[in-house]
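Topology and contacts: notes
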Amino acid sequence: MEGWDAVQSEAEQRLQELLRQCGRLPRHVAIIMDGNGRWALERGLPRVEGHRQGIQSVREVVTVAVCLGIPYVTLYAFSMENWRRPQAEIQALMRLLQYYLWRELPELQRRNIRLRAIGKLTALPRRVQQALRRAVEATAANTGLTLTLALSYSGRWDILRAVQLIAIDVRRGKLSPEDITEERFASYLLTHDLPEPDLIIRTSGEMRLSNFLLWESAYAEIYVSNLYWPDFRRHAFYQALLDYLRRERRFGMTAEQQVQRCLAESLWVQLEELLHEVES
Ligand code: FPP
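Read on for a plain summary of the structure. What you are looking at is a predicted structure, and each value in this text was computed from that prediction instead of being measured.

Next up on the list: the overall build of the protein. Counting its regular elements, the protein contains 10 helices and 6 strands. Over its C-alpha trace the protein gives a radius of gyration of 20 Å, about what one expects of a compact globule, namely 19 Å for 280 residues. Taking all 280 residues of the protein together, 50% fall into the buried category. Long-range pairs, those at least 24 residues apart, make up 79% of the contacts in the protein between residues at least 6 apart in sequence.

As structure tokens, this is what we get:
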């Protein structure tokens, strides 16, 4: 079913309840939405149709994140490298972006979602900038999920930008080189008010970060799905979350140093069964 209000089965509601209870969900999920073009081409459709179908995947992932209380989701919607695409595709993507920023605003409000954007936003067409500004301002006071769109974004560009800003502050005497710690450095990035991503999801099977959140992803778990983004719907998202829960995050420590917080075996059985039911 298209749209925001897909009916949730009892199994899905129970799955969500268990996931919320386990207390170990990621705080910040960042997603590289890849494979829209291939999804469309394999169906003999124009590439833009893949992007359009990808919007429904965005709705489903965001809906699940809201239901689970995941506070931050960041979507890589347009990279700085994407400006090299054929003009016709760029224009179609920008039109789509502008259209959905207007159309989905009431739904963002209804779900208490705060929209933000990171990237070189001044490179976007003026009408997209306007739609973005309107949506960001209108949702600024919302207190639920923070949904960040990475647009005209490049991780290296943001790091270089931070270095330039730091150099300016050093030159002005506002900062001394000895005070440039990791925390101080991160405070100059566009992501300064987001927690680091715990989970990065990439679709379409590619094993690359593609210049996404390079500094911020130092300790992120990476999950690669073979599905194209338009096929990455709620079930696939639950699967990624279960995979994340199975992993042991050590942050450089030994397993013994870590407080063991393994989920009980019985819980796993329930989670897997419910996931299977959601699928069928
Ligand atoms: C990658 O697929 C996807 C993009 C470059 C754009 C993603 C945009 C959307 C899903 C729609 C807009 C999003 C929002 C949040 C309103 P690709 O074209 O690189 O696919 P390919 O690798 O198969 O060519």
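Okay, the site of the ligand next. Among the 15 residues in the neighbourhood of the ligand, the closest are listed as M33, D34, R38, R47 and R85. In this structure, an oxygen atom belonging to the ligand sits 3.3 Å away from a main-chain N or O atom of G35. N36 is positioned such that a nitrogen or oxygen atom in its backbone is 3.1 Å from an oxygen atom of the ligand. Here the ligand loses 90% of its free accessible area of 630 Å² to cover by the protein chains. Of the residues assigned to the shell around the ligand, the class counts are 6 nonpolar, 5 polar and 4 charged.

Right, let's get into the pattern of salt bridges. Pairing of side chains with opposite charge becomes possible as their charged atoms draw close. Applying the stated criterion to the full structure yields 20 salt bridges. E12 is paired through a salt bridge with R234; the nearest N and O atoms lie 2.8 Å apart. Of this pair, E12 sits in helix α1 (residues 10-22) while R234 sits in helix α9 (residues 234-246), and the two are 222 residues apart along the sequence. Given a relative accessible area of 3%, E12 falls into the buried group. On the accessibility criterion, R234 (12% relative accessible area) is buried. As a salt-bridge pair, R247 and E221 come within 2.9 Å of each other at their nearest N and O atoms. Of this pair, R247 sits in the loop between α9 and α10 (265-279) while E221 sits in strand β6 (residues 221-224), placing them 26 residues apart in sequence. The exposure class of R247 is partly exposed, given its relative accessible area of 23%. By relative accessible area, E221 is classed as buried at 16%.

Pairing within the open sheet is parallel, and its 6 strands lie in the order β3-β4-β2-β1-β5-β6. Because the sheet does not close on itself, it has two edges, and the strands there are β3 (114-118) and β6. Along the sheet, successive strands turn relative to each other by an average axial angle of 20°, direction set aside. Direction of pairing for strand β1 (residues 28-32) relative to strand β5 (residues 199-202): parallel, over a ladder of 4 bridges.

This paragraph deals with the packing of aromatic side chains. Under the criterion given, the structure shown has 7 aromatic pairs. Ring centres 4.7 Å apart and planes at 70° place the aromatic pair F78 and W83 in the edge-to-face group. On the accessibility criterion, W83 (27% relative accessible area) is partly exposed. Judged by centre distance (6.1 Å) and plane angle (85°), the rings of Y153 and F212 are edge-to-face. Separated by 59 residues along the polypeptide, Y153 in strand β4 (residues 146-153) and F212 in the loop between β5 and β6 bring together distant segments of the chain.

Rules used throughout
- Residues numbered from 1 in each chain as written.
- Predicted model: local features only at pLDDT ≥ 70, side-chain atom pairs only at ≥ 80, totals over all residues.
- Heavy atoms only, no water.
- Helix = DSSP H or I, 4+ residues; strand = E, 2+ residues; numbered from the N terminus.
- Rg over C-alpha atoms; globule rule 2.2 N^0.38 Å.
- Buried < 20%, exposed > 50% of the residue type's maximum accessible area, 1.4 Å probe, protein only.
- Contact = heavy atoms within 4.5 Å.
- Near = heavy atom within 4 Å.
- Polar contact = N/O pair within 3.5 Å; in protein donor to acceptor, adjacent residues only side chain to side chain.
- Areas by Shrake-Rupley, 256 points an atom, 1.4 Å probe, with all protein chains shown as cover.
- Nonpolar A, V, L, I, M, F, W, Y, C, P; charged D, E, K, R; others polar.
- Salt bridge = Lys/Arg side-chain N within 4 Å of Asp/Glu carboxyl O.
- Pairing = 2+ DSSP bridges.
- Axes fitted to C-alpha atoms, helices over the stretch in contact; angles between N-to-C directions.
- Phe/Tyr/Trp six-rings, centres within 6.5 Å; stacked < 30°, edge-to-face > 60°.

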